[in-house]
Every structure is written in C-alpha cells, then in structure tokens.
Amino acid sequence: MAGGHGPYILHDPAIEKWFHMQENTAKHFKLTKRTSKHVFWFLFAFPAFVYAGTAAKSFQMKHKDIRCARRE
C-alpha cells in the first residue's frame, strides 16, 4: 500500500559533504591559531569568568547575612 513510489529526495552534494564533515569532526580537526584561540576561550577563560561571577555572588551573600545578623 505505502511503498514503491520512487526516489523523490534530491541529494545536494554540497549538503552531503557538510553533513559528512559534521559527523566526522574529530577525524578532520586541525589545531590552528584560530582553533587554539577558541579552545582557550571555551575551555579556560569562559569557565573562569562564570566561576568568578558565581563565587563573588556567593561571597556577597554570605557576608550580607553576617552583616544583617550583627545589626540585630
């Protein structure tokens, strides 16, 4: 009932190549100046900024509680 109607999907070679590169990124990865900058920012700098922001907020909250307790 539901089959044998023929291939109606058109395959674009450029899109197929793009999908292949996405699926096999580890095989085709090269460490260049540009990619090393990205690695540095996403593995070291960005997590450090996030940690510094959360640690500062946590530090402020702890000391805010202490100051309020002293005033009472």
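Given the structure is predicted, the values throughout are model-derived calculations rather than measurements.

1. Topic: the overall build of the chain
Step number 1: In terms of regular secondary structure, the chain is built from three helices and zero strands.
Step number 2: Helices (α) and strands (β) of the chain occur, in sequence order from the N terminus, as α-α-α.
Step number 3: For the chain, buried positions account for 3% of its 72 residues.
Step number 4: Looking at the chain as shown, the accessible area adds up to about 7500 Å², and 66% of this sits on carbon and sulfur atoms.

2. With respect to the confidence of the model for the chain
Step number 1: Considering every residue of the chain, the mean pLDDT works out to 79; 71% of them sit at 70 or more.
Step number 2: Within the chain, the element-level pLDDT minimum falls on helix α3 (residues 33-71), averaging 77, and the maximum on helix α1 (residues 13-23), averaging 91.

3. Looking at the packing of aromatic side chains
Step number 1: Across all of its chains, the model carries two aromatic pairs by this definition.
Step number 2: Ring geometry for Phe 40 versus Trp 41: centroids 5.7 Å apart, planes at 70°, classification edge-to-face.
Step number 3: A residue is classified by how much of its surface remains accessible, and Phe 40, at 44% relative accessible area, is partly exposed.
Step number 4: Taking the relative accessible area as the measure of exposure, Trp 41 reaches 47% and is therefore partly exposed.
Step number 5: Cluster of aromatic residues (ring-pair linked, three or more members): Phe 40, Trp 41 and Phe 44.

4. Brief notes about a nonpolar patch on the surface
Step number 1: Taken together, the side chains of Phe 29, Leu 31, Val 39, Phe 40, Trp 41, Phe 42, Leu 43, Phe 44 and Phe 49 define a hydrophobic patch exposed on the protein surface, amounting to about 1000 Å² of accessible area.
Step number 2: Along the chain, Leu 43 falls in helix α3.

5. What to know about the environment of Ser 36
Step number 1: For Ser 36, the location among the structural elements is in helix α3.
Step number 2: Separated by 2.8 Å, the side chain of Ser 36 and the backbone oxygen of Lys 33 make a polar contact.

6. Looking at the side chain of Asn 24
Step number 1: By the element assignment, Asn 24 lies in the loop between α1 and α2 (25-28).
Step number 2: We classify Asn 24 as buried; its relative accessible area is 16%.
Step number 3: Within polar-contact distance, the side chain of Asn 24 engages the side chain of His 20 at 3.0 Å.

Definitions and cut-offs
Residues numbered from 1 in each chain as written. Predicted model: local features only at pLDDT ≥ 70, side-chain atom pairs only at ≥ 80, totals over all residues. Heavy atoms only, no water. Helix = DSSP H or I, 4+ residues; strand = E, 2+ residues; numbered from the N terminus. Buried < 20%, exposed > 50% of the residue type's maximum accessible area, 1.4 Å probe, protein only. Areas by Shrake-Rupley, 256 points an atom, 1.4 Å probe, with all protein chains shown as cover. pLDDT = per-residue confidence, 0-100. Phe/Tyr/Trp six-rings, centres within 6.5 Å; stacked < 30°, edge-to-face > 60°. Patch = residues over 30% accessible without salt bridge, like charges linked within 9 Å, V, L, I, M, F, W, Y side chains within 5 Å. Salt bridge = Lys/Arg side-chain N within 4 Å of Asp/Glu carboxyl O. Polar contact = N/O pair within 3.5 Å; in protein donor to acceptor, adjacent residues only side chain to side chain.

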